[in-house]
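Letter by letter, the chains look like this.
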Amino acid sequence: MSSEFEIIQRYFKRPTNDTILGIGDDAAIIAPTAKMELAISTDTLVSGQHFFEDVDPYKLGYKAISVNLSDMAAMGARPRWVTLSLTLPKKLIEYNEVWLSEFARGFHELAQMHHVALIGGDTTSGPLNIGVQIIGEIESGQSLRRDGAKSGDDIWVSGYLGDAALALKFELQKIKLTDKEAELCMSALHMPIARIELGQLLTGLAHSAIDISDGLMADLGHILVSSRSAAIIQLEAVPCSEVLKRFLPSSLAVQCLLAGGDDYELCFTAPKKNRNSIESIAQKLKIPLTMIGEITQGEGLLVMDAEGREITVEKRGYDHFAS
């Protein structure tokens, strides 16, 4: 059986060009760029809670860092460094070194794509658990935050929502999908795209931003609470794939679209004067950016249908501690 240090050396230690001291000592040493602020975020993925035990390890390694990159995108930050803590079942280490190799491959490939250096972490034995901390940089005073939304702001989202939640329904055998539909939805669930470049381009244009991890209603709700504002969004405007449209207007599809989570798209607010600039960003990046509503005064979030009726959604988003 491989030891903790053999696992680190074999699968996770890589050369780093922008780190003073990386893996192999009691702590890493990094040198932030002058006049930049640090953005730091941590995420934990737990087997049985966030992913099924039989998930493709390459895709799990990819997603483990992608969800953290998404946090950097929501802040408008440039990701620089990451740490990884792995709790691994002993039988996995003893009998399945292919799993470790593929997990590391997925993790490192996406990290390298965004020029992020793995600089440390921890490895121990126990139920499968993945903890990632990411550190990014942003010019002082330029970060996107949740508390900046202003009354009259447009509300925007990137990409399409609901496919990851639809994939989970498919895996739980609650819906049926064609092979092509399943492939599309499973890709959204297991290999989400972090909108790093979008977040950086929105600095100076957006008043607030958040990544949609727990569901649109829940995460937009965080912006509203932090900004002491209210909002109205139009169900018909919320962007979704042709796959999800096939299930609308069923309550299951509406739930996936508004509260399913695991989208990792950006939701942001911006003044109306910046509409043309935001549409230009959409063209430049070749991704959909869709205006879905408006920030208003007061408290709460209203979702309206095409006839102007309020829509009630049973669950507003994912809650780790819900029964």
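Residues numbered from 1 in each chain as written. Predicted model: local features only at pLDDT ≥ 70, side-chain atom pairs only at ≥ 80, totals over all residues. Heavy atoms only, no water.

A closer look at the UniProt feature "binding site: ATP" (unreviewed entry) in the chain
No. 1: The UniProt feature table records "binding site: ATP" (unreviewed entry) at Gly 121, Asp 122, Arg 146 and Ser 213. For the annotated residues, spread through 93 residues, the largest C-alpha to C-alpha distance comes to 31.0 Å, inconsistent with a single compact locus.
No. 2: Mapping Gly 121 onto the fold places it in strand S3 (residues 117–125).
No. 3: What Gly 121 contacts, discounting residues up to four positions off in sequence, is Thr 83, Leu 84 and Ser 85.
No. 4: Position of Asp 122 relative to the elements: it lies in strand S3.
No. 5: Overall, Asp 122 belongs to the partly exposed group, its relative accessible area being 41%. (UniProt positions renumbered as here; feature names shortened; annotations may be inferred. Helix = DSSP H or I, 4+ residues; strand = E, 2+ residues; numbered from the N terminus. Contact = heavy atoms within 4.5 Å. Buried < 20%, exposed > 50% of the residue type's maximum accessible area, 1.4 Å probe, protein only.)

Remarks on helix H10 (residues 251–259)
No. 1: In terms of burial, H10 is a largely internal element, seven of the nine residues being buried.
No. 2: Every buried residue of H10 is accounted for by Ala 253, Val 254, Gln 255, Cys 256, Leu 257, Leu 258 and Ala 259.
No. 3: Contacts made by the buried residues of H10 are with helix H5 (163–171), helix H8 (216–227), helix H9 (242–245) and strand S10 (300–304).
No. 4: Residue Gly 261 follows H10 closely and has a positive phi angle near 80°.

Digging into the environment of Leu 161
No. 1: Considering the arrangement of structural elements, one finds Leu 161 in the loop between strand S5 (154–158) and H5.
No. 2: In this structure, the C-alpha to C-alpha distance between Leu 161 and Ala 64, residues 97 residues apart in sequence, is 20 Å.
No. 3: In this structure, Leu 161 is in contact with Ile 212, Leu 216, Val 238, Pro 239, Cys 240, Leu 244, Leu 257, Asp 263 and Glu 265, ignoring residues within four places of it in sequence.

Some points on the UniProt feature "binding site: Mg(2+) 5" (unreviewed entry) in the chain
No. 1: Annotation from UniProt places "binding site: Mg(2+) 5" (unreviewed entry) at Asp 214.
No. 2: Secondary-structure assignment places Asp 214 in the loop between strand S6 (208–211) and H8.

So, the sheet that holds strand S2 (residues 78–88)
No. 1: Taken in spatial order, the four strands of this open sheet run S1-S4-S2-S3, and their pairing is mixed. Since the sheet does not close on itself, it has two edges, and those belong to strand S1 (36–46) and S3, each with one partner. Here the strands of the sheet are splayed against their neighbours by 15° on average, with no regard to which way each runs.
No. 2: Note that S2 and S3 share eight bridges and pair parallel. Bridging across to S3, Thr 83 finds its partner in Gly 120.
No. 3: Sheet strands in contact with helix H2 (residues 57–75) are S1, S2 and strand S4 (129–139), and its direction is about 145° off that of S1. (Pairing = 2+ DSSP bridges. Axes fitted to C-alpha atoms, helices over the stretch in contact; angles between N-to-C directions.)

Regarding the environment of Gly 204
No. 1: Note on placement: Gly 204 falls in the loop between helix H7 (196–202) and S6.
No. 2: The exposure class of Gly 204 is exposed, given its relative accessible area of 65%.
No. 3: It is 9.8 Å that separates the C-alpha atoms of Gly 204 and Gly 76, two residues lying 128 residues apart in sequence.

Regarding the side chain of Asn 68
No. 1: The residue Asn 68 is located in helix H2 in this model.
No. 2: Apart from residues no more than four positions distant in its own chain, Asn 68 is found in contact with Ser 41, Thr 42, Asp 43, Val 132 and Ile 134.

Some thoughts on the pattern of salt bridges
No. 1: Applying the stated criterion to the full structure yields 13 salt bridges.
No. 2: One salt bridge in this structure joins Arg 246 and Glu 181, with 2.9 Å as the shortest N-O distance. Pair noted here: Arg 246 is in the loop between H9 and H10 and Glu 181 is in helix H6 (residues 179–190), with a separation of 65 residues, a long-range link.
No. 3: With a shortest N-O distance of 2.9 Å, Arg 309 and Asp 305 are connected by a salt bridge.
No. 4: Look at the salt bridges and you will find they share partners, linking Asp 154, Lys 272, Arg 275 and Glu 294 into a network. (Salt bridge = Lys/Arg side-chain N within 4 Å of Asp/Glu carboxyl O.)

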